[in-house]
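# Per-entry structural report
Listed here are the chains, written in short residue letters.
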Amino acid sequence: MQLPEEFIRYTREMMGETLWARYSMGMEATPPTSVRVNPWKTEAMNIHPLLEPQPVVWSPWGYYLSHRPNFTFDPLLHAGAYYVQDAASMFVDHVIRQYVSRPVTMLDLCAAPGGKSIAAITSLPEGSLLFANEPMPTRAQILSENLQKFGHPDVVVTNSHAGDYARTGLMFDVILTDVPCSGEGMFRKDNGAVEEWSLQNIEKCRRLQREILAEIWPCLSPGGLLLYSTCTLNTREDEENVLWAIEELGARLLPVDTRESWGITPSLSSVLDGPVYRFIPGVTKSEGLFLALLRKDEDATPHTAMPSATKKMKGKPQKGRMGGGLEMLHDWIDIKETMLAETGNKVFGIPARWAATYEAAARLKVIHAGICMAERKGNDLVPHSSLALSLALRRGQFAEADVDYSTAITYLRKEAVTLPPQTLRGYVLLTYKGHPLGFVKNLQNRANNLYPQEWRIRSTHIPDNDNEIMIQS
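Residues numbered from 1 in each chain as written. Predicted model: local features only at pLDDT ≥ 70, side-chain atom pairs only at ≥ 80, totals over all residues. Heavy atoms only, no water.

## Topic: helix H13 (residues 405–412)
The cut-off we apply is this: Only protein chains enter the accessibility calculation, which uses a 1.4 Å probe. A residue is then buried if its area is under 20% of the maximum for its type, exposed if over 50%, and partly exposed in between. By the criteria applied, helices consist of DSSP H or I runs no shorter than four residues and strands consist of E runs no shorter than two, each listed in order from the N terminus. Residues are treated as being in contact if the distance between any of their heavy atoms lies within 4.5 Å.
In terms of residue burial, H13 counts as a mostly covered element, since seven of its eight residues are buried. If you check which residues of H13 are buried, you get Tyr405, Thr407, Ala408, Ile409, Thr410, Tyr411 and Leu412. Looking at the packing, one finds that the buried side of H13 touches helix H3 (75–78), helix H12 (385–389), strand E19 (426–432), strand E20 (435–442) and strand E21 (447–449). Just downstream of H13 lies Lys414, where phi reads positive at about 60°.

## A look at the confidence of the model for the protein chain
Heads up, the condition is: Known as pLDDT, the predictor's per-residue confidence is scaled from 0 to 100.
When pLDDT is averaged along the protein chain, the result is 92, and 94% of the positions lie at 70 or above. In this model residues 305–323 is a low-confidence stretch, pLDDT under 50, and it forms 41 contacts with partners more than four residues away in sequence or in other chains.

## Points about the environment of Ile409
By the element assignment, Ile409 lies in helix H13. Classification of Ile409 by relative accessible area gives buried; the value is 4%. When the C-alpha positions of Ile409 and Met373 are compared, they lie 24 Å apart, and in sequence the two are 36 residues distant. Excluding anything up to four places from it in sequence, Ile409 contacts Phe73, Pro75 and Ile457.

## Regarding helix H1 (residues 5–15)
Since the α-helix packs 3.6 residues into each turn, any two residues three or four apart lie on the same face. Short version of the rule: This arc corresponds to the set of directions leading from the helix axis out to the C-beta atoms.
Among all positions of H1, only Phe7, Tyr10, Thr11, Met14 and Met15 are buried. The arc that holds every buried residue of H1, seen down its axis, measures 120°, which confines them to one face. In H1, the exposed positions that point more than 90 degrees away from the buried face belong to Glu5 and Glu13. Along its buried surface, H1 packs onto helix H2 (17–28) and helix H9 (199–216). At the exit of H1 stands Gly16, carrying a positive phi of roughly 90°.

## Topic: the sheet that holds strand E13 (residues 338–343)
Through backbone hydrogen bonds, the strands of a sheet pair up, either in parallel or in antiparallel fashion. Heads up, the condition is: The criterion for strand pairing is that DSSP finds at least two bridges linking the strands in question. Angles run from 0 to 180 degrees between N-to-C directions of axes, and those axes are lines fitted to C-alpha atoms, restricted for helices to the stretch in contact.
Strand order in the open sheet formed by four strands is E13-E14-E16-E17, with antiparallel pairing between adjacent strands. At either end of the open sheet lies a strand with only one pairing partner, and these are E13 and strand E17 (380–383). In this sheet, neighbouring strand axes are inclined to one another by 30° on average, regardless of whether the strands run parallel or antiparallel. The pairing of strand E16 (residues 371–377) with E17 spans four bridges and is classified as antiparallel. Paired with Glu375 across the bridge in E17 is Val382.

Next comes the structure, spelled out in structure tokens:
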């Protein structure tokens, strides 16, 4: 790989000769492939043995694979049975499991495409609520899709900025800031990051990262935890920003339990003598990542909402519209108390225990919350794929049809599918190997494909064979 000369000079001096040599060798190696299994939908033992799964030692749900399959054409990826994630990003759940032992409200501020949000919701104690936010609209939709496929109902997805959160008055026990960065840790996987790298861009990123930290710090509860992470390697965006947070925000640096065999590199800067965690290609079996864990002073003064002209969220419950057959939606899920909220033509099921928090998010642009239960089409309530993929789906409320691999791929391309003649008419839950994929409306002579247009497999490639990543237990 051809790296910028200025990057080589800068990074070699920062790392020293021994570490630089290991990093250089790592950059020439094939990046490892790893996945995170969804513990609520499958088990690690279901990974195909031909992929020779090996555990990621800092995550009970992470596994390295011997080679990279064509994940796009595995229906169980789309069913949320697992998520493709770099091993270093799984360190987030190790941190959460060490420090979070009671239900909390957590914010993942820069969350797309969703891997760290998935790591968080997997590791948080039951009863926790996760806000997953992405400022860029297109990436926010990808984030929403991935979290809906994962299926956990205690999630709110927003398309807002740190300043928007500061104006809500919302407070979080845990905040993850995986801030925009120069991307040095992703050079093996992203040629664009190599082409865009410059010392000027590092300085630009460093300033932006500090602005984000300053804006979101008031939303952290007294005594709360902030995970600061980047996918870059340089000390200016990493150690120097952590030191800035300590000196300017009053943050306190916390240690995380690790083992020497994990290959995690400590601080590379003389300005910060404290526990930070750097994953370097060639040293750890992963792409590049930096993480530091900060705690807010217990005596810090909580902030309050600032005046704002931001419009109320469209998803606020419309009590006057709770008729129209919505009562039957409660039978579709296994959540005892659910608040129904209509946004446009969509109906969301919000677990009642965090309904007040949902209301407090009125100044944010919420694009998903809880479970998207159904869409209104004329007088009909059409069940949504989010419901099919939800962990709260009550099986048995809809007729089901388990389809073969070819039919599953056809369905996921949003093409016409044909069901067996004995299949009941009406809304039918399509499954693959028992895992829900989504709904069709079976009209006997044909089945209308209800898979979301924006989620479809766009590739016209025809797989040579079944791309089985997971097998049945």
